[in-house]
Amino acid sequence: MKSEHIKYLACPGCAGDLILKEVSSGQENSIESGQLQCSDCKATYEIIRHVPRFVPTENYAASFGYEWNRHTRTQYDSYTGTRISEERFFQETKWPRDLSGQVILEVGSGSGRFTEPAAATGAMVVSLDYSSAVDANYASNGHKDNVLVVQGDIYTMPFRTNFFDKLFCIGVIQHTPDPERAFLRLTEHLKPGGSLAIDIYRYEWWRYLLVTRYWVRPITKRLPPETLYRWCEKYINLMWPLARWINRLPKGRYINLALLIADYRGRYPLSDAMLKEWAILDTFDGLSPAYDKPKSLTEVTRWCVKAGLENIEVERGYGGLVEGRGTKAV
Ligand SMILES: C[S@@+](CC[C@H](N)C(=O)[O-])C[C@H]1O[C@@H](n2cnc3c(N)ncnc32)[C@H](O)[C@@H]1O
């Protein structure tokens, strides 16, 4: 981290200011390891491999750490040569392309595929994740002057309340133990007038019957990530030629989904090798998380109202998602 970025952080325990207590390696403009201390409660937090860490290394999001450190670049536009992540970012947030002068909080960054287009708006982007995925994000985005990568928990974020101009949280809330509480935490950190954009898997009762990943998840989520990943990789490699054929059938994509194959052929303009890489990643992503709690449009609307948001928009979004947007009342 850069020492000038300390102003974006606060003690997750008491919200006090943090000071740089020690730099063990690196320099002011690129601290590799050191310690931060709260000037009020004196709690200390480590900076490890350039990233300030506010949570224990072992936590329920370990499978995500494994996933994103295996697939550090897979879904980056600068890797695929497409605009898939950029388009999804602007479609979901509905924000302008130039956000210079603003401060954006990204919660649950994963490898940082959306940190990239967010940073390209010219805004300062503070990007938080609970897992060791922060290492993958730091490797791609950490060198940018307008990016600060932080390891922290959505429930106890190391930031001031009423602080950020904009906040986005894509693909995360369903993977937390208490989605409503996670959502309400997000809104606390927005400035009055600031805008929020989130998405969450959409709840429909029949998904638990028809979406086969919910049948096998009780077992797969308990497997060590390395074992499950190896299984996914072997399975996709084996099934890939058959999946291509199935994909051509009417509703073939859904048949593949039922066979636990995340097949994006015909949907994304990627090479066959990249499509397979995405398939392995997303098959693992569907089977591994500790929590998978979809919510309905009505439920997300209720949260927005409870948080006192204005200009609320809750709608069916990308894939099987609910998208939610709103601004914090002034
Ligand atoms: C499916 S990934 C999405 C990553 C990224 N937003 C994307 O769409 O590529 C979900 C991410 O949420 C993070 N996450 C889960 N629980 C969290 C929590 N309590 N606080 C912060 N991040 C969390 C995971 O570590 C994981 O990287």
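What this report covers is the structure whose coordinates are included nearby. For every chain, the first residue of the written sequence is number 1, and numbering continues from 1 along that sequence. Totals for whole chains, interfaces and linings use every residue, but because this is a predicted model, local features are given only for residues with pLDDT of at least 70 and side-chain atom pairs only at 80 or more, for both listing and counting. Side-chain numbers here rest on the full set of heavy atoms in the structure, without hydrogens or water.

### Observations concerning empty space enclosed by the protein
Grid points spaced at 1 Å and placed over the protein atoms alone form the basis of the search, with a cavity being a set where a 1.4 Å probe fits but cannot get out and a pocket an open set showing protein on both sides within 12 Å along at least five of seven lines. Lining residues have an atom within 4 Å of a point. Grid points are joined across faces, edges and corners, and a volume is the space filled by probe spheres set on the points. Summed over all chains, the structure comprises one cavity of 30 Å³ or more. In this structure, the largest cavity spans a volume of roughly 40 Å³. Lining the largest cavity, in full, are Met1, Lys2, His5, Tyr138, Gly142, Val147, Leu148 and Val149. With three residues, strand β7 (residues 147-151) is the largest single contributor of residues to the lining of the largest cavity. Gly is placed with the polar residues, together with every amino acid not listed as nonpolar (Ala, Val, Leu, Ile, Met, Phe, Trp, Tyr, Cys and Pro) or charged (Asp, Glu, Lys and Arg). Its residues assigned to classes, the lining of the largest cavity comprises five nonpolar, two polar and one charged. Going along the chain from the N terminus, every DSSP run of H or I of four or more residues is numbered as a helix, and every run of E of two or more is numbered as a strand.

### Observations regarding the packing of helix α1 (residues 62-70) against helix α9 (residues 225-247)
As a rule, the C-alpha atoms of each element are fitted with a line to give its axis, helices using only the stretch in contact, and angles between N-to-C directions run from 0 to 180 degrees. Following both chains from N to C, one finds α1 and α9 inclined at 50 degrees, their axes separated by 10 Å at the closest point. Between α1 and α9, the crossing angle belongs to the class labelled oblique. The two elements α1 and α9 meet at a crossing, and its hand is right-handed. Judged by residue contacts, Ser63, Tyr66 and Arg70 of α1 engage Pro225, Glu226, Tyr229 and Glu233 from α9. Each angle is binned into one of four classes, with values under 35 degrees roughly parallel, values over 145 roughly antiparallel, values of 65 to 115 roughly perpendicular, and all other values oblique. In this scheme the crossing of two helices becomes right-handed for a clockwise turn of the near helix relative to the far one and left-handed for an anticlockwise turn of less than a right angle. Residue contacts are defined here by distance: any two heavy atoms, one from each residue, within 4.5 Å place the two residues in contact.

### Some remarks on the site of the ligand
Surrounding the ligand, one finds 22 residues, the nearest of these being Tyr60, Gly108, Asp129, Asp153 and Ile170. Tyrosine 130 has a polar backbone atom sitting 3.3 Å from a nitrogen atom of the ligand. We get accessible surface area from the Shrake-Rupley algorithm with a probe of 1.4 Å; when it comes to residues, only the shown protein chains can shield them. Burial of the ligand by the protein chains amounts to 97% of its free accessible area of 600 Å². At the level of elements, α1 and β6 (124-129) are the ones that each hand at least two residues to the shell around the ligand. Here the shell around the ligand is composed, by residue class, of ten nonpolar, eight polar and four charged. Whether a residue is near a molecule or strand depends on its heavy atoms: if one lies within 4 Å, it is near. Identification of polar contacts relies on pairs of N or O atoms within 3.5 Å, with a donor-acceptor requirement for protein atoms, meaning one able to donate a hydrogen and the other able to accept it, and with residues adjacent in sequence counted only if both atoms are side-chain atoms.

### Structural notes on the nonpolar core
Generally speaking, soluble globular proteins have nonpolar side chains that are buried together. For the purposes of this section, nonpolar cores are sets of buried Ala, Val, Leu, Ile, Met, Phe, Trp, Tyr and Cys residues that join through side-chain atoms within 4.5 Å. A simple rule labels every residue: compare its accessible area, found with a 1.4 Å probe on the protein chains alone, to the largest value its type can have, and call it buried under 20%, exposed over 50%, or partly exposed in between. Within the largest apolar cluster, 41 residues are counted, with the highest numbers of intra-cluster contacts made by Val126 and Leu186. Within the second largest apolar cluster, 22 residues are counted, among which are Ile84, Ile236, Met274 and Ile280.

### A closer look at unusual backbone geometry
Even without being a glycine, histidine 50 presents a positive backbone phi close to 75 degrees. For histidine 50, a relative accessible area of 18% translates into the label buried. The backbone of lysine 94 sits at a positive phi, close to 60 degrees, despite the residue not being glycine. By the element assignment, lysine 94 lies in the loop between α3 (84-93) and β5 (103-107).

### Comments concerning the environment of cysteine 14
With respect to the secondary-structure elements, cysteine 14 resides in the segment before β1 (18-27). With residues near it in sequence (within four places) discarded, cysteine 14 still touches Cys38, Asp40 and Cys41.

### Details of the packing of aromatic side chains
Working definition: a ring pair exists when centres of Phe, Tyr or Trp rings (six-membered ring for Trp) sit within 6.5 Å. Plane angles under 30 degrees give stacked, over 60 give edge-to-face, the rest tilted. Using the criterion set out here, one finds 20 aromatic pairs in the structure. Look at tyrosine 8 and phenylalanine 163: their rings are 6.4 Å apart centre to centre, the planes differ by 75 degrees, and that puts the pair in the edge-to-face class. A residue pair is termed long-range when its members are at least 10 positions apart, and tyrosine 8 in the segment before β1 and phenylalanine 163 in the loop between β7 and β8 (164-169) qualify at 155 residues. The class of tyrosine 8 is buried, set by a relative accessible area of 11%. A relative accessible area of 21% places phenylalanine 163 in the partly exposed class.

### With respect to the pattern of salt bridges
A side-chain nitrogen of Lys or Arg and a carboxyl oxygen of Asp or Glu constitute a salt bridge if their distance falls within 4 Å. All chains considered together, the criterion is met by 26 salt bridges. Between arginine 213 and aspartate 292 there is a salt bridge whose closest N-O contact spans 3.3 Å. A residue pair is termed long-range when its members are at least 10 positions apart, and arginine 213 in helix α8 (residues 213-220) and aspartate 292 in the loop between α11 (272-287) and α12 (297-306) qualify at 79 residues. Across the pair arginine 325 and glutamate 315 runs a salt bridge whose closest N-O atoms are separated by 2.7 Å.

### What about the side chain of arginine 207?
When you line up the elements, arginine 207 lands in helix α7 (residues 207-210). Leave out the neighbours within four places in its chain, and arginine 207 touches Arg202, Tyr214 and Gly320.

### Structural notes on the pairing of β7
With five of five residues buried, β7 is to be regarded as a mostly interior element. What you see with β7 is no split at all: Val147, Val149 and Gln151 on one side and Leu148 and Val150 on the other are buried throughout. Convention used here: a crossover is right-handed provided that the path from the first strand, over the helix, to the second strand proceeds clockwise when the strands point away from the viewer. Regarding topology, helix α5 (residues 133-141) serves as the crossover connection from β6 to the parallel β7, and that connection is right-handed.

The quantities given are spatial measurements derived from coordinates; they are silent on function.
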